[in-house]
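Next come the chains, spelled out residue by residue.
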Amino acid sequence: QVQLVESGGGLVQPGGSLTLSCAASGRILSRNTMGWYRRTSGKQRILVATVRSDGDTVYGDSVVGRFTISRDRAKNTVFLQMNDLKPEDTAVYFCTLDNWDGRDYWGQGTQVTVSS
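Residues numbered from 1 in each chain as written. Predicted model: local features only at pLDDT ≥ 70, side-chain atom pairs only at ≥ 80, totals over all residues. Heavy atoms only, no water.

Draft legend 1. Molecular detail of the pattern of salt bridges. Under the definition given, this model contains four salt bridges. Residue D54 is joined to R52 by a salt bridge in which the shortest nitrogen-to-oxygen separation is 2.5 Å. Given the relative accessible area of 33%, R52 is considered partly exposed. Note that R66 and D89 form a salt bridge whose closest N and O atoms lie 2.7 Å from each other. On the criterion of sequence distance, the pair formed by R66 in the loop between β6 (57–59) and β7 (67–72) and D89 in the loop between β8 (77–82) and β9 (91–98) is long-range, its members being 23 residues apart. Grouping residues by exposure puts R66 and D89 together as buried. (Salt bridge = Lys/Arg side-chain N within 4 Å of Asp/Glu carboxyl O. Buried < 20%, exposed > 50% of the residue type's maximum accessible area, 1.4 Å probe, protein only. Helix = DSSP H or I, 4+ residues; strand = E, 2+ residues; numbered from the N terminus.)

Next up, the structure:
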């Protein structure tokens, strides 16, 4: 089993910044992908960004150039730096870890609200 603990959500004004963190513990394989998805009310979770254990990153189209994903492999932690936030970024953000063995895990989610 894998446990994911997210932190860093909150309320921010448009144009502001937030950093999300997610610490993983448990059965974490050396090759894996960690990342973030988000869900707005009544909709499916969509990709925000992912980073593989080899460093490759993937970003959702709506966040390219504004969000940056990074990870600390030694601490099994992934970060999401979010800049120039917009009201449409308001969502619940979920951390995920894929162990490349057919199993993926999800955190509880953290709310990000962008509003003036």
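Draft legend 2. Expanded view of the packing of aromatic side chains. In this structure the tally under the stated criterion is one aromatic pair. A centroid spacing of 5.3 Å and a plane angle of 70° characterise the contact between Y37 and W106, whose relative ring orientation is edge-to-face. Within this pair, whereas Y37 is found in strand β4 (residues 33–39), its partner W106 is found in strand β10 (residues 104–106), the two being separated by 69 residues in sequence. In this structure, R45 packs its charged tip against the face of W106, placed 3.9 Å from the ring centre. (Phe/Tyr/Trp six-rings, centres within 6.5 Å; stacked < 30°, edge-to-face > 60°. Lys NZ or Arg CZ within 6 Å of the ring centre and 35° of its normal.)

Draft legend 3. Local environment of the environment of S70. With respect to the secondary-structure elements, S70 resides in strand β7. S70 has contacts with T77, V78 and F79, leaving out every residue within four places of it along the chain. (Contact = heavy atoms within 4.5 Å.)

Draft legend 4. Region of interest: the state of the cysteines. Applying the stated rule across the entire model yields one disulfide. Between the sulfur atoms of C22 and its disulfide partner C95 the distance amounts to 2.0 Å. Given an S-S torsion of about -85°, the disulfide between C22 and C95 has left-handed geometry. Here the residue C22 occupies a position in strand β3 (residues 18–26), and C95 occupies one in strand β9, the gap between them amounting to 73 residues. Here C22 matches C95 in class, with each residue buried. (Disulfide = S-S within 2.5 Å.)

Draft legend 5. Structural view of the nonpolar core. Counting 27 residues, the largest nonpolar core has L4, W36, L80, M82 and Y93 as the members making the most contacts within it. Look past the residues within four positions of Y93 in its chain and what remains in contact with it is E6, L20, W36, Y37, R38, V48, F67, L80, M82, G109, T110 and V112. (Core = buried A, V, L, I, M, F, W, Y, C linked by side-chain atoms within 4.5 Å.)

Draft legend 6. Molecular detail of the pairing of β4. Counted residue by residue, β4 has five buried out of seven residues, so it is predominantly covered. Hairpin connection from β4 to strand β5 (residues 46–52): six residues lie between these consecutive antiparallel strands, with G42 at a positive phi of about 75°. Of the pairings in the sheet, the one linking β4 to β9 comprises seven bridges and is antiparallel in character. Directly across from T33, in β9, lies its bridge partner D98. (Pairing = 2+ DSSP bridges.)

Limitation: the analysis is restricted to geometry and does not speak to function.
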